[in-house]
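Each chain, written out:
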Amino acid sequence: MHRKSLTGQLGLISILLLLIIIFSLLSPNFRTLNNLRSVLSNYSHIAIMAVGVAFPIILGEIDLSVGAIMGLVGMVLFNLLLIHQLPAPLAIGIGLGIGLVNGLLINRFKLQAFIATLATLVAYRGITYGISGRQLFPETTVQAITDPLYLAIDTKIGVLPYAFIYLILLVAVTHVLLHNTKLGMHIYATGGNETAAQLSGINVRRVRLFAYAVSGLCSALAALIMTSRMRSTQESLGLSFELSAITAVIIGGVSLRGGIGTTLGPALGAFLAGTLYTGLTMVGVTTYAQPVIVGIVLLIAVAYDKLLATRQRQRQLERGAQHG
């Protein structure tokens, strides 16, 4: 599994480098340091969300609520800072708690992950509007966050934005967790075959709770970055970001069938899509055509995933025939 993952990541890196070379040749503005900084800044929060949502997908499930979690946490951050004058990072714990709620709903009520997180997507978005300090206290609409410590969250070191550095640390920690810990082995085992995992003594319910907690936590981290960058928030923060994050995960080689994938792949997938969008804009491709092109890339990734799954089943059948 590690060898296949490494091969897939090298393939992603190769495609990303090829895109960079092509767009650099087609547009001189693409190869500037300002553009590099812009791409790293604009897509690091998507990559962070993708790393989080990769955990449920490795389980063979999904989390459609990550964009709504981002919006809700962003509004809580805004309210804490401008209305209650409380430390904003407290809201990070809310993201983790909301992720746990998703896992509890699936565990307790035996709901499909798609249905459960689709419902919480709507609920969390509604709560965001309900607690909006911008609506309840109109004077805050024109106020900006001025807390210097909070604003320092999204600064930069040279060409590297802090958000990208957070992403590197997150990928490193989650990679070690997935590949070098017992919990990581349990996550892959559950995603590969939940019934077999249960029979082998793995606490599948606890593994699921952990996966959704990580997903919620990463969405909260993305909200922290975005509100620091904007010095404010809005009720629609994170709207449709779940699609961007899931797209990055699929492009990054995480199998929708579960049991296969890494957290580096989704991060690379986010920047591959970001490079594609940025490059297409700079070479003059209309914004209406850009999603179509990215959609084609996504279809190719899904088709490749299906091809790999088919080959894997064929190998299993061949081994079974040989042993039989």
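Attention in this report is confined to the structure presented alongside it. Residue positions are given per chain, counting from 1 as you read along its sequence in written order. In view of the model being predicted, local features appear only for residues whose pLDDT reaches at least 70, and side-chain atom pairs are presented and counted only at 80 or more, with totals across whole chains, interfaces and linings using the full set of residues. Excluding hydrogens and water, the side-chain figures rest on all heavy atoms present in the structure.

Every helix listed is a DSSP run of H or I at least four residues long, and every strand listed is a run of E at least two residues long, numbered separately from the N terminus. Helix and strand counts for the protein come out as 14 helices and two strands. A radius of gyration in this sense is built from C-alpha atoms; the matching globule rule multiplies 2.2 Å by the number of residues raised to 0.38. Computed over the C-alpha atoms, the radius of gyration of the protein is 20 Å, within 12% of the 20 Å expected from 2.2 N^0.38 for a compact globule of 324 residues. Its C-alpha atoms put the protein at 75 × 55 × 35 Å along the principal axes. Remark: exposure states derive from per-residue accessible area (1.4 Å probe, protein chains only) relative to the maximum for the residue type, with buried under 20%, exposed over 50%, and partly exposed in between. Expressed as a percentage of its 324 residues, the buried residues of the protein come to 48%. Note on contacts: a residue pair is in contact if any heavy atoms of the two residues lie within 4.5 Å. Across the protein, contacts joining residues at least 24 apart in sequence account for 78% of those joining residues at least 6 apart. Split by element, the accessible area of the protein, about 15900 Å² in all, is 67% carbon and sulfur. Counted as positive: Lys and Arg. Counted as negative: Asp and Glu. His and the chain ends are not counted at all. Lysine's charge is taken at NZ, arginine's at CZ, aspartate's at CG and glutamate's at CD. Distance from the positive charge centre (21 side chains) to the negative charge centre (10 side chains) of the protein: 10 Å. Shrake-Rupley sampling with a 1.4 Å probe provides the accessible areas, and residues are treated as covered by the protein chains on show and by no other component.

Any two packed helices are characterised by the angle at which their axes cross and by the distance between the axes. Closest axis-to-axis distance for the helix α8 (residues 162-180)/helix α11 (residues 204-230) pair is 12 Å, and the angle between their directions is 170°. With respect to α11, the element α8 is oriented roughly antiparallel. Residues Ala-163, Tyr-166, Leu-170 and Leu-177 of α8 lie in contact with α11, whose contacting residues are Phe-210, Cys-218, Ile-225 and Arg-229. By residue class, the composition of the contact of α8 with α11 is seven nonpolar, no polar and one charged. In this analysis, axes come from line fits to C-alpha atoms, helices being fitted only over the stretch in contact, and the angle between any two N-to-C directions falls in the range 0 to 180 degrees. Geometric relationships in this document are graded by angle, where less than 35 degrees denotes roughly parallel, more than 145 denotes roughly antiparallel, 65 to 115 denotes roughly perpendicular, and other angles denote oblique. Ten residues, namely Ala, Val, Leu, Ile, Met, Phe, Trp, Tyr, Cys and Pro, are considered nonpolar, four, namely Asp, Glu, Lys and Arg, are considered charged, and the remaining ones, Gly among them, are considered polar.

All right, on to the pattern of salt bridges then. Side chains that carry opposite charge are capable of pairing whenever their charged atoms lie near each other. Whenever Lys or Arg places a side-chain nitrogen within 4 Å of a carboxyl oxygen from Asp or Glu, that contact is recorded as a salt bridge. Counted under the stated rule, the structure contains four salt bridges. Between Glu-61 and Arg-208 there is a salt bridge; the shortest N-O distance is 2.8 Å. In this pair, Glu-61 sits in the loop between α2 (33-58) and α3 (66-82) while Arg-208 sits in helix α11, placing the two residues 147 residues apart along the sequence. Arg-134 is the salt-bridge partner of Glu-235, the closest N and O atoms lying 3.7 Å from each other. A residue pair is termed long-range when its members are at least 10 positions apart, and Glu-235 in the loop between α11 and α12 (241-251) and Arg-134 in helix α6 (residues 133-136) qualify at 101 residues. In this structure, a network of salt bridges that share partners links the residues Glu-61, Glu-194 and Arg-208.

A pair of Phe, Tyr and Trp rings is counted when the ring centres sit within 6.5 Å of each other, with Trp represented by its six-membered ring. The angle between the planes then sorts it: under 30 degrees is stacked, over 60 is edge-to-face, the rest tilted. Counting across every chain of the model gives four aromatic pairs. Centre to centre, the rings of Phe-23 and Phe-30 are 5.6 Å apart; their planes meet at 45°, and the pair counts as tilted. Each member of the pair, Phe-23 as well as Phe-30, carries the same accessibility label: buried.

Our next topic: α12. Along α12, eight of the eleven residues are buried, which leaves the element largely enclosed by surrounding structure. Burial in α12 covers these residues: Glu-242, Ala-245, Ile-246, Thr-247, Ala-248, Val-249, Ile-250 and Ile-251. Looking one or two residues past α12, Gly-253 carries a phi angle of roughly 90°, positive in sign.

Before going further, it helps to spend a moment on the nonpolar core. Counting 87 residues, the largest nonpolar core has Leu-77, Tyr-150, Leu-167 and Phe-271 as its most contacted members. The dominant element in this core, judged by the number of residues it contributes, is α2, at 14 residues. Once residues lying within four places of it in the same chain are set aside, the contact partners of Tyr-150 are Leu-77, Leu-81, Ala-88, Ile-145, Ala-223, Leu-224, Thr-227 and Ser-228. Take the buried Ala, Val, Leu, Ile, Met, Phe, Trp, Tyr and Cys residues and link them wherever side-chain atoms come within 4.5 Å; each set so joined is a nonpolar core.

A separate point is the environment of Ile-92. Positionally, Ile-92 belongs in helix α4 (residues 90-109). Through-space distance from the C-alpha of Ile-92 to that of Cys-218 is 8.9 Å; in sequence the pair is 126 residues apart. Beyond its immediate sequence surroundings of up to four residues, Ile-92 is in contact with Leu-217, Ala-220, Leu-221 and Leu-224.

Take the number of residues in a helix, subtract one, and multiply by 1.5 Å to get its expected span. Between its first and last C-alpha atoms helix α13 (residues 264-282) spans 27 Å; for 19 residues at 1.5 Å apiece the expected length is 27 Å, and the two agree. Just beyond α13, the residue with positive phi is Gly-284, at close to 95°.

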